[in-house]
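Each chain, letter by letter, is given below.
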Amino acid sequence: MFEATKLNSAKALTENHSGIPKAAIGLMAGALVIFFVWMMTDDMFWRTRINYRLLPWIGATAVVLLVPSVYLFWRKELDIFHPLVHASLSYWFPAFVVGGIFIATDFIQPYQMSLLAEPDSDLIWTYVYIMLGYAGMTLGFYLPFGKWLGTQASRRLPSWDWQPNQVLLPATAFLGVGLFFYISAFFAGVVGFSIVDKTDAFATLNYTLSFLALEAGFLVAMFIFKSRSFQIEHLFAVGLIVVLLVSRLSLGGNRSTILLIVTMLAMAYFYSGKRLTPKTGIVFALLAFFALIGGMIYGTTFRSVKESEDKVGLEEQFETVARTIDLIATQNTERVLNEGFLNLAERIDGVSSLAVVVSNYERLKPFESSFGLENNIFTDLWTSFIPRFVWANKPIIFDARAYSDLYFNFSGNSYALTPVGDLLRNYGPVGVPIGMLLIGIILRVAYSALVENQKITIGRATAYYMFLVSLSYEGFYSTIFIYGTRVFAIVFISFVIADALLINKNNSVIAKKWR
């Protein structure tokens, strides 16, 4: 009976989102068309020198990255928040295919290219490792072990099947707590375009607990989209999302903040059971596109106005935000948009940074110990679960500045490493597919435990959203395991508290929904 209910719920979800393939295609095609139209209107594009030798490797990589999406589309199961599809759309395809086209056409000339010993050969090998990595992750996802483990976990986890009107109270509390820790992370330099205070034993804890604000935002979005009719509480709910957006824009100064909120709303809409038509998909696609451009303009201007990475107080931070908005508003619109597109093109590129690792990892291997990077994957994994306030002198984990200093001769920036590059540095070519296979298994466990072939509840959808948010394909390999574990621990504990905050104790999720 229970299994039949799960299958029926999954079938209903698929039927409600029968428009998702067209919507997803519209999202990708619309953004790419607008972007490449802008490219072709730029005089520099027509003066570019095309690297025809690299184009077939870019094309082959595109095929590998799109295979899971095409397979799911063929089975009429395409979900843009499926772990493999989301990974491809959110990072791998833009960074390595679109970014690769920019490099192959000489549209951008990143500084990283000057660090390659043999540019053509290094770039080709980079694409070989990218394909091996994503293929390994795909294989790991479809191995039966991950699905079996996720199914077992699904049977034992609470369903967290709250009603929409039950989540607003705990969401408000979590937003307040999350913002408190986000402000604390700001003072520690973890957010806000600042240098992290390595002496602050609670900096990482503050940043991790600030994820509660994102959890609250998703809960509020689910409340809005799952409600059958408009209520006065919806105005309050919208206000909470605005507070979340403004706080992260003002304190973080991030280029991805607006897109993060749009993605949160799109995912909540999808998993709330609303019918996602091609028209709705195009609306979200346009919102995502303008969020991407707007965020790039705001974030880049913010960094330019702030000038340095010195930590500042709240008053000075808000003054920087005001000057940023004023500068954007008073500049020539065409100039602002052109700079935004160009910054986006440079920011999208993930090929050149990874190619630096491919080109130099063997030569720089003997120097990694002096930078604290030797065998960093193993070190990061076992030391990360010991709080710094317990072990004050423990090794620094995820030291992006040390990595940038060694590989790019510049510690004033955090260059993209990617799990592929980190595995290559630590274990050589054979480590890339094996390490990414393990990530694929983790993705399947989370997806099977929280989403696949079951009724999508508010709590489980939120837990899955938090898992996706914790994933970073741009940073160190171990972050996927470490932040995934930390974030799920936060979700589980906070949901126990949320259940305690529910007014009607007879509807206790822990009491009635534990399987």
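Rules used throughout
- Residues numbered from 1 in each chain as written.
- Predicted model: local features only at pLDDT ≥ 70, side-chain atom pairs only at ≥ 80, totals over all residues.
- Heavy atoms only, no water.
- Salt bridge = Lys/Arg side-chain N within 4 Å of Asp/Glu carboxyl O.
- Helix = DSSP H or I, 4+ residues; strand = E, 2+ residues; numbered from the N terminus.
- Buried < 20%, exposed > 50% of the residue type's maximum accessible area, 1.4 Å probe, protein only.
- pLDDT = per-residue confidence, 0-100.
- Contact = heavy atoms within 4.5 Å.
- 1 Å grid on protein atoms, 1.4 Å probe; cavity = no way out; pocket = protein on both sides within 12 Å on 5 of 7 lines; lining within 4 Å.
- Points joined across faces, edges and corners; volume = space filled by probe spheres on them.
- Phe/Tyr/Trp six-rings, centres within 6.5 Å; stacked < 30°, edge-to-face > 60°.
- Core = buried A, V, L, I, M, F, W, Y, C linked by side-chain atoms within 4.5 Å.
- Patch = residues over 30% accessible without salt bridge, like charges linked within 9 Å, V, L, I, M, F, W, Y side chains within 5 Å.
- Areas by Shrake-Rupley, 256 points an atom, 1.4 Å probe, with all protein chains shown as cover.
- Lys, Arg positive; Asp, Glu negative; His and termini not counted.
- Charge placed at Lys NZ, Arg CZ, Asp CG, Glu CD.
- Axes fitted to C-alpha atoms, helices over the stretch in contact; angles between N-to-C directions.
- Parallel < 35°, antiparallel > 145°, perpendicular 65-115°, else oblique.
- Nonpolar A, V, L, I, M, F, W, Y, C, P; charged D, E, K, R; others polar.

Q: Would you take a moment to explain the pattern of salt bridges for this structure?
A: Any two side chains of opposite charge can pair, so long as their charged atoms come close to each other. Overall, the coordinates contain six salt bridges when judged by the stated rule. D161 is paired through a salt bridge with K455; the nearest N and O atoms lie 2.8 Å apart. Taken as a pair, D161 in the loop between helix 6 (144-156) and helix 7 (168-187) and K455 in the loop between helix 19 (431-450) and helix 20 (458-470) lie far apart in primary sequence, 294 residues in all. Judged by its relative accessible area of 43%, K455 is partly exposed. Its salt-bridge partner being R347, residue E474 comes within 2.8 Å of it at the nearest N-O pair. A residue pair is termed long-range when its members are at least 10 positions apart, and E474 in the loop between helix 20 and helix 21 (478-501) and R347 in helix 14 (residues 333-348) qualify at 127 residues.

Q: It is not clear to me how the confidence of the model for the protein should be interpreted in this structure. Could you clarify?
A: On average, the protein scores 83 in pLDDT, and the residues at 70 or more come to 87%. In the model, residues 1-21 has pLDDT below 50 throughout and makes 34 contacts with residues more than four positions away in sequence or in other chains. A low-confidence stretch, residues 503-515 (pLDDT under 50), is modelled with 33 contacts involving residues beyond four sequence positions or located in other chains.

Q: So what exactly am I meant to see when it comes to empty space enclosed by the protein here?
A: A water-sized probe rolled over the atoms picks out the places where empty space is left. One pass over the full model with this rule turns up one cavity of 30 Å³ or more. Looking at the largest cavity, the residues that line it are A171, L175, A213, A216, G217, V220, L240, I241 and L244. Elements that contribute at least two residues to the lining of the largest cavity include exactly helix 7, helix 9 (211-226) and helix 10 (233-252). A per-element tally of the lining of the largest cavity places helix 9 first, with four residues.

Q: Is there a simple way to explain the side chain of T320 in this structure?
A: One can find T320 in helix 13 (residues 314-330). Setting aside its immediate chain neighbours within four residues, T320 contacts F302, V305 and K306.

Q: How do you make sense of the packing of aromatic side chains when you look at a structure like this?
A: What describes a pair of aromatic rings is the distance from one ring centre to the other and the angle between the planes of the rings. Taken as a whole, this structure holds 33 aromatic pairs when the rule is applied. Here Y477 and F481 contribute two aromatic rings whose centre-to-centre distance is 5.3 Å and whose plane-to-plane angle is 55 degrees, an arrangement assigned as tilted. Taking the relative accessible area as the measure of exposure, Y477 reaches 4% and is therefore buried. Chaining the aromatic ring pairs together yields one cluster made of Y71, W74, F81, F141, Y142, F270, Y271, Y447 and Y464.

Q: Where do I start with the nonpolar core in this structure?
A: Burial of nonpolar side chains together is a common tendency in soluble globular proteins. Within the largest apolar cluster, 129 residues are counted, with the highest numbers of intra-cluster contacts made by W92 and M137. Aside from chain neighbours lying at most four places away, what touches W92 is L65, A87, V97, I130, G133, Y134, M137, V420, M436 and Y473. Of all hydrophobic cores here, the second largest spans six residues; its members include A185, V191, L251 and V312.

Q: Would you mind going over a negative patch on the surface with me for this structure?
A: Side chains of D310, E315, E316 and E319 sit close together on the surface and give a patch of like negative charge. Looking at where E319 falls in the secondary structure, it is placed in helix 13. Overall, E319 belongs to the partly exposed group, its relative accessible area being 44%.

Q: It is not clear to me how the environment of E118 should be interpreted in this structure. Could you clarify?
A: Relative to the helices and strands, E118 resides in the loop between helix 4 (83-104) and helix 5 (119-142). Here E118 falls in the exposed class, since its relative accessible area comes to 52%. Separated by 241 residues in sequence, E118 and S359 have C-alpha atoms that sit 7.5 Å apart.

Q: Teacher, can you tell me more about the packing of helix 4 against helix 15 (residues 351-364) here?
A: Helix-helix packing is characterised by the crossing angle of the two axes and by the distance between the axes. It is at 9 Å that the axes of helix 4 and helix 15 come closest, and there the two elements cross at 90 degrees. By the criterion of interaxial angle, the relationship of helix 4 to helix 15 is roughly perpendicular. Packed against helix 4, whose contacting residues are A95, F96, G99, G100 and I103, the element helix 15 presents V351, S352 and L354 at the interface. Of the residues contributing to the contact of helix 4 with helix 15, the split by class is five nonpolar, three polar and no charged.

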